[in-house]
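Analysis of the macromolecular model
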Amino acid sequence: MTNDFSAKVAVVTGGASGMGAATAVLLASRGANVVIVDQNAAAAAELSMTHDLAVPQIGDVSDSAFCDQVVADTIDRYGQLDVAINAAGVIVRATAAATSDEEWHRIMRVNVDGTFFMCRAAVRSMAWGGTIVNFGSIWGDLGADGVAAYCASKGAVHNLTRALAIEHAKDGIRVNAVCPGEVDTPMLRSARAEPVSSDMLENIAATVPMGRLAQPVEVAEVVAFLASNRSSYMTGAMVSVDAGYGAR
Ligand SMILES: NC(=O)c1ccc[n+]([C@@H]2O[C@H](COP(=O)([O-])OP(=O)(O)OC[C@H]3O[C@@H](n4cnc5c(N)ncnc54)[C@H](O)[C@@H]3O)[C@@H](O)[C@H]2O)c1
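All values reported here derive from a predicted model rather than from experimental measurement. (Residues numbered from 1 in each chain as written. Predicted model: local features only at pLDDT ≥ 70, side-chain atom pairs only at ≥ 80, totals over all residues.)

Moving on to the sheet that holds strand E2 (residues 33-38). Here we have seven strands laid out as an open sheet, ordered E3-E2-E1-E4-E5-E6-E7, and parallel in their pairing. The two strands at the open ends of the sheet, each matched to only one other strand, are strand E3 (57-58) and strand E7 (238-241). Direction of pairing for strand E1 (residues 9-13) relative to strand E4 (residues 83-86): parallel, over a ladder of four bridges. Its bridge partner being in E4, Val11 is matched across the sheet by Ala84. This element, helix H2 (residues 41-50), spans E2 and E3 of the sheet and lies at about 165 degrees to E2. Contacting E1, E2 and E3, helix H3 (residues 64-78) runs over the sheet at an angle of about 155 degrees to E1. (Pairing = 2+ DSSP bridges. Helix = DSSP H or I, 4+ residues; strand = E, 2+ residues; numbered from the N terminus. Contact = placed C-beta atoms within 7 Å. Axes fitted to C-alpha atoms, helices over the stretch in contact; angles between N-to-C directions.)

Below, the structure written as structure tokens:
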């Protein structure tokens, strides 16, 4: 077993579910002190207790004061912040024409504001060697039918990641994004017009060159690599974990 994160301190937004949860558990198994940041108090508490993680921080990442407080509390408690993982996100499955103002603003608030506020709080406090991994998406670089606001929000996350990488390259803080394809998490099953059936999951899997959905840990492994010193010459990279989806 590797111990890449021994004595490191990590915050993981969206850490109560899906890929954020898989990442939180993986980093902890490799020695990190992990603080889950999520608005789902019950799920965050259960995961933290089961895996012996730090007391979670419960709140909304689209609130900049909350993000600042998370980082300040983490530094108070551990004296440092080494790793920030931004996995908190939401999706709206609607064409642009069918997207309401409220849906547009919600997706931008969580996916874009939330990622920006947590990155800003982190870079203000990180020392040399700090790493940030943002969750982009295949839809951050590709257009798709029926997810216009989500595509726009993930495109913003990708270019925020590139800009931050350049701004902080000389500070020794690396900023990368992971860009997952179709991953079997609660989000994949959420916000659909009909309840998700096994046929529907098979149809989604059939759109993927490798012909299957990813498990969250398959993405978490790549996030852990990007967050560790093993990726020491990488910054500003959009790393696809999509079974060939974007290769077409
Ligand atoms: N599932 C996929 O196929 C897929 C593909 C590409 C990218 N992504 C991205 O990966 C990331 C993780 O997705 P997932 O599929 O694991 O999702 P998920 O729904 O399983 O988990 C998302 C977590 O974020 C939390 N969250 C949502 N809004 C929040 C807010 N305002 N403040 C704090 N916490 C909040 C939720 O409570 C939840 O615990 C997201 O950014 C998502 O957009 C997902």
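Next comes the rest of the write-up.
Within the structure, the ligand sits among 28 residues, and Gly14, Gly18, Gly89, Thr185 and Met187 are positioned closest to it. Counting only elements with at least two residues in the shell around the ligand, the list comes to helix H1 (18-29), helix H4 (101-125) and helix H6 (186-189). The residue makeup of the shell around the ligand, split by class, is 13 nonpolar, twelve polar and three charged. (Near = placed C-beta within 6 Å. Nonpolar A, V, L, I, M, F, W, Y, C, P; charged D, E, K, R; others polar.)

Turning our eyes to something else, we now look at the pairing of E1. The two faces of a sheet get side chains in turn, since along a regular strand they alternate between them. Counting buried residues along E1, five of its five residues qualify, which places the element largely inside the surrounding structure. The side-chain alternation of E1 yields two buried faces, one formed by Val9, Val11 and Thr13 and the other by Ala10 and Val12. Note that E1 and E2 share five bridges and pair parallel. Across the sheet, residue Val11 finds its bridge partner in E2, namely Val35. With H1 bridging E1 and the parallel E2, this β-α-β connection has right-handed handedness. (Buried ≥ 20, exposed ≤ 12 C-beta atoms within 10 Å, placed from the backbone. Right-handed = clockwise from strand over helix to strand, strands pointing away.)

Shape descriptors only; they carry no functional weight alone.
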